[in-house]
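Overview (structure and organization)
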Amino acid sequence: MTTHTFKPDMPPPNKVFGPMAWMRANLFSSWLNTLLTLFAFYLIYLVVPPILHWAILDANWVGTTRADCTKEGACWVFIQQRFGQFMYGYYPGDLRWRVDLTVWLAIVGVAPLFISRFQRKAIYGLSFLVLYPIIAYFLLHGGIFGLTNVPTNRWGGLMLTLVIATVGIAGALPLGIVLALGRRSNMPAIRVICVTFIEFWRGVPLITVLFMSSVMLPLFLPEGMGIDKLLRALIGVILFQSAYVAEVVRGGLQAIPKGQYEAAAAMGLGYWRSTGLVILPQALKLVIPGLVNTVIALFKDTSLVIIIGLFDLLNSVKQAAADPKWLGMATEGYVFAALVFWIFCFGMSRYSVHLERKLDTGHKR
Amino acid sequence: MSEAIKQPVSPEGIIQMQGVNKWYGQFHVLKDINLNVKQGERIVLCGPSGSGKSTTIRCLNRLEEHQQGRIVVDGVELTNDLKQIEAIRREVGMVFQHFNLFPHLTILQNCTLAPMWVRKMPKRKAEEIAMHYLERVRIPEQAHKFPGQLSGGQQQRVAIARALCMKPKIMLFDEPTSALDPEMVKEVLDTMIGLAEDGMTMLCVTHEMGFARTVANRVIFMDKGEIVEQAAPNDFFDNPQNERTQLFLSQILH
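The rules behind these values
Within each chain, residue numbers correspond to sequence positions counted from 1 in written order. Labels follow written order: the first chain is A, the first ligand is 1, and so on. At least 70 in pLDDT is required for a residue's local features to be given in this predicted model, at least 80 for side-chain atom pairs to be given and counted, and no such filter applies to totals for whole chains, interfaces and linings, which use all residues. Values reported for side chains reflect all heavy atoms of the structure, with hydrogen atoms and water molecules removed beforehand. By definition, any uninterrupted DSSP run of H or I lasting at least four residues is a helix, any uninterrupted run of E lasting at least two residues is a strand, and each is numbered from the N terminus. Note on exposure labels: buried denotes an accessible area under 20% of the residue type's maximum, exposed denotes more than 50%, and partly exposed covers the range between, all computed with a 1.4 Å probe on protein chains only. The Shrake-Rupley method, run with a 1.4 Å probe sphere, supplies the accessible areas, and residue values consider only the shown protein chains as cover. Charge counting follows a simple rule: Lys and Arg are positive, Asp and Glu are negative, and His as well as the terminal groups are ignored. Throughout, a charge is located at the NZ atom of Lys, the CZ atom of Arg, the CG atom of Asp or the CD atom of Glu. Stacked, tilted and edge-to-face pairs are distinguished by plane angle, under 30 degrees for stacked and over 60 for edge-to-face with tilted covering the rest, among Phe, Tyr and Trp rings (Trp via its six-membered ring) whose centres lie within 6.5 Å. A ring has a charge above it when a Lys NZ or an Arg CZ is no more than 6 Å from the ring centre and no more than 35 degrees off the ring normal. The contact rule is simple, with two residues in contact once any of their heavy atoms fall within 4.5 Å. Polar contact criterion, stated in full: a pair of N or O atoms within 3.5 Å, where within protein one must be able to donate a hydrogen and the other to accept it, and residues adjacent in sequence count only if both atoms are side-chain atoms. Accessible area that two parts lose when put together, with a 1.4 Å probe and added across both, is what the buried area reports. In what follows, salt bridge is the name for a side-chain nitrogen of Lys or Arg lying within 4 Å of a carboxyl oxygen of Asp or Glu. Note on pairing: DSSP must find at least two bridges between two strands before they are called paired. All axes here are fitted lines through C-alpha atoms, helices being fitted over the stretch that makes contact, and every angle between N-to-C directions spans 0 to 180 degrees. UniProt positions are given in the numbering used here, feature names are shortened, and annotations may be inferred rather than shown by experiment. The length a helix should cover is 1.5 Å for every residue beyond the first. The term nonpolar core refers to a set of buried residues drawn from Ala, Val, Leu, Ile, Met, Phe, Trp, Tyr and Cys, joined through side-chain atoms within 4.5 Å. The domain boundaries here were taken from an automatic or database domain assignment.

The helix and strand tally for chain B stands at nine helices and ten strands. Within the span of chain B, comprising 254 residues, buried residues form 56% of the whole. Summed over all atoms, the accessible surface of chain B reaches about 11300 Å², with 48% contributed by carbon and sulfur. With 29 positive and 30 negative side-chain charges, chain B shows a spacing of 6 Å between the two charge centroids.

Attention shifts here to the packing of aromatic side chains. Applying the stated criterion across every chain, the model contains 15 aromatic pairs over all chains. Here the aromatic residues Phe78(A), Phe83(A), Phe86(A) and Phe336(A) are joined through ring pairs into a cluster of three or more. Here the basic side chain of Arg162(B) rests over the ring of Phe102(B), its NZ or CZ set 4.6 Å away from the ring centre.

Taken as a whole, helix H2 (residues 82–91) of chain B has its buried residues at Gln84(B), Ile85(B), Ala87(B), Ile88(B), Arg89(B) and Glu91(B). On its buried face, H2(B) sits against helix H10 (258–266) of chain A together with helix H1 (53–60), strand S4 (68–73), strand S5 (76–77), strand S6 (92–95) and strand S7 (170–174) of chain B. Of the residues that open H2(B), the one with a side-chain oxygen 3.0 Å from the backbone nitrogen of Lys83(B) is Asp81(B).

Moving on: the environment of Arg66(A). Residues and elements named next belong to chain A. Mapped onto the elements, arginine 66 comes out in the loop between helix H2 (31–57) and helix H3 (77–88). The exposure class assigned to arginine 66 is partly exposed, which follows from its relative accessible area of 40%. Expressed as a C-alpha distance, the spacing of arginine 66 and leucine 327, which sit 261 residues apart in the sequence, is 8.5 Å. Discounting residues that sit within four places of it in the chain, arginine 66 has contacts with Lys325, Trp326, Leu327 and Met329.

Take the interface of chain A and chain B next. The interface of chain A with chain B comprises 21 residues on the first partner and 24 residues on the second. Summing the contributions of chain A and of chain B, the shared interface buries around 2000 Å²; its carbon and sulfur component is 66%. The largest share of the area that chain A buries against chain B comes from Ala266(A), Met267(A) and Thr361(A), three residues that together contribute 30% of it. The tally of links from chain A across to chain B stands at one salt bridge. Arg58(B) is the partner of Glu262(A) in a salt bridge, and the nearest nitrogen-oxygen pair spans 2.5 Å.

Residue and element names in this part refer to chain B. Strand order in the open sheet formed by six strands is S6-S7-S8-S3-S9-S10, and the pairing between neighbours is mixed. Sheet topology places S6 and strand S10 (226–231) at the edges, where each strand pairs with a single neighbour. On average, each strand axis in the sheet is tilted by 20 degrees relative to the strand beside it, whichever way the strands run. Pairing geometry for strand S3 (residues 42–46) and strand S9 (residues 218–223), over four bridges, is parallel. Of the residues in S9, the one forming a bridge with leucine 45 is isoleucine 220. Most of the contacts of H2 go to S6, to which it runs at about 70 degrees, and overall it touches S6 and S7. Across the sheet, helix H9 (residues 243–252) touches S3, S9 and S10, and the angle it forms with S9 is around 100 degrees.

Attention now moves to the UniProt feature "transmembrane region" (unreviewed entry) in chain A. Residues and elements named next belong to chain A. Sequence positions flagged by UniProt for "transmembrane region" (unreviewed entry) are, in local numbering, residues 30–48, 95–115, 122–140, 160–182, 233–253, 290–314 and 326–349. Helix makes up 100% of residues 122–140 and strand 0%. Its end C-alpha atoms lie 27 Å apart. The span residues 326–349 is 83% helical and 0% strand by assignment, and the distance between its end C-alpha atoms comes to 35 Å.

A few words now on helix H5 (residues 152–164) of chain B. With 13 residues, H5(B) ought to run about 18 Å at 1.5 Å a step, and its terminal C-alpha atoms sit 18 Å apart, in line with that. Burial within H5(B) is extensive, with 13 of its 13 residues counted as buried.

As a further point, take the environment of Glu208(B). Residue and element names in this part refer to chain B. Relative to the assigned elements, glutamate 208 resides in the loop between strand S8 (201–205) and helix H7 (209–215). When the C-alpha positions of glutamate 208 and glutamate 175 are compared, they lie 9.1 Å apart, and in sequence the two are 33 residues distant. With residues up to four places along the chain from it excluded, the contact list for glutamate 208 reads Thr177, Val185 and Leu189.

Let's shift gears to the UniProt feature "domain: ABC transporter" (unreviewed entry) in chain B. The sites that carry the UniProt feature "domain: ABC transporter" (unreviewed entry) are, in the present numbering, residues 15–249 of chain B. For residues 15–249 of chain B, helix accounts for 39% and strand for 26%, while the C-alpha atoms at its two ends are 27 Å apart.

Core analysis: the largest hydrophobic core is formed by 115 residues, its most contacted members being Phe86(A), Tyr91(A), Trp155(A), Ile15(B), Met17(B) and Leu203(B). Here the element with the most residues in this core is helix H6 (residues 157–183) of chain A; it accounts for twelve residues. For this core, the two domains that each supply at least three residues are domain 1 (94–150) and domain 2 (155–359) of chain A. Tyr91(A) has contacts with Arg96(A), Arg98(A), Val99(A), Leu139(A), Leu140(A), Val150(A), Arg154(A), Trp155(A) and Met159(A), leaving out every residue within four places of it along the chain. Counting 50 residues, the second-largest nonpolar core is a separate cluster that includes Ile160(B), Cys165(B), Met200(B) and Met202(B).

If you want it as structure tokens, here you go:
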């Protein structure tokens with residue numbers, strides 16, 4: 001009997017690695033590519049230095065009024081002076097600590113959920129989800145325990161943006177999941193209700209929903225009965241976004257093979273248990289990119305609340321730039337607003353990537 | 001919450017199918033199936049594809065609904081009542097062609113899920129039982145891996161252990177080796193043979209005729225939704241009566 005000897009594994013050839021090889025392969029692989037590369041460098045040369053000069057090198061960093069902005073570049077003094085308004089809107093200055101405390105509570109409260117050794121995450125998470133909104137409401141709104149009442153029409157800036165975005169998501173996510181399940185229900189009545197709801201809310205623009213909630217709704221309500229403007233906007237946003245969440249989640253549900261449903265059923269798990277323990281965990285994991293997409297879109301859409309006279313971050317900037325004392329500062333303001341929006345959205349996007357990796361048990365089923 | 005209506009298990013058998021008919025739309029898939037299975041009996045169903053053998057065993061735990069006839073499993077009649085269906089599913093384990101393990105749970109969690117949520121077993125007890133059965137299928141060291149990290153043969157053995165964790169009275173196998181690479185078929189069949197030796201009531205749809213010959217008490221041949229022939233394995237393979245059976249056997253036993 002002969003024994004077959006396998007050839008040993010050899011290292012790959014050297015010239016396919018290293019920065020030189022990379023540049024040759026990606027930037028200068030042919031005459032045409034070399035030309036395009038040089039052209040791209042030229043474009044970068046045209047665009048980047050002026051931006052650097054405007055934003056950093058020639059920018060004005062210190063001062064208190066518009067007159068202090070003597071250099072050619074951006075006048076960041078404007079942002080410094082109006083920072084409070086951008087963050088809190090017209091929330092009274094001496095009470096702004098309450099907003100800060102609300103944010104800190106959220107950060108401290110959520111932190112244990114990221115400690116992997118922490119047991120009982122589910123119970124802690126649930127009680128946090130129930131308690132935090134109540135505490136946050138009383139802290140921000142006041143009117144109890146001797147806290148001065150701050151009506152919602154004084155809320156604004158980034159704080160308002162965050163309130164609308166988080167409440168919107170916290171409400172839309174569970175409602176959307178229920179709608180997605182309902183749309184796939186065997187019971188025709190439930191299916192019809194869910195389909196109608198989803199198609200109605202997806203069919204109208206958010207701006208219309210907000211407009212209706214502030215202009216049309218009071219016409220139907222009895223005289224003198226007012227619902228808070230922010231509350232109306234929140235309800236509108238939740239109903240609107242839940243329709244989108246529902247469709248995203250439904251996509252995930254459809255991707256779960258029939259075998260998973262059958263295996264769960266064959267073990268004696270009923271509808272709710274097999275949905276909650278087997279189907280949803282997999283479906284939601286699959287649609288993380290889609291859900292984050294929806295969340296980011298909602299975060300940016302909050303600016304539409306200008307239509308009902310609420311001033312979120314972007315609209316606070318717009319308002320401040322219209323101040324005669326700071327005329328001509330709109331560019332700085334918008335760049336600042338864009339930067340803040342970008343930081344939040346990019347953060348969410350990175351977190352979703354991290355979450356996908358963490359939940360990935362690899363491997364197809 | 002009312003309990004499922006249960007009658008004493010009839011001497012006829014732990015499974016009784018009487019005049020069962022089923023249609024997919026116009027298509028008549030099961031035609032007047034009569035089948036009694038005694039406790040501890042091991043039955044192999046075979047036949048060409050589309051003959052209704054998978055549908056037959058899937059009717060036993062209501063993964064498929066039958067439209068006519070009567071099915072009684074372990075003294076519980078299968079009706080539209082969810083209580084009855086769930087009572088049966090608690091006592092009937094099933095192993096699928098494509099394993100259908102839950103990819104988001106570890107092997108151990110796959111095995112403890114149903115005992116904890118259906119039988120309301122405390123976690124520690126469920127894990128004890130799960131480890132016992134994982135040892136039986138000889139993969140306790142994989143307990144904390146995810147299904148995607150296991151080979152097909154290992155996954156199917158986990159699926160068997162997962163079904164056993166519910167301590168079922170009956171095990172249904174729906175082509176358990178058909179999706180496996182050839183060198184993994186034996187490890188799964190060995191596990192099933194071990195189960196048979198312990199006296200488990202088994203119904204198995206398979207094309208593994210060697211397995212049928214050594215393990216089965218009875219081999220049932222189905223074609224076009226009907227039970228064409230049933231006999232003890234030796235009679236069935238050596239002396240098939242029906243010409244359809246003869247043709248089928250000549251095609252698979254080259």
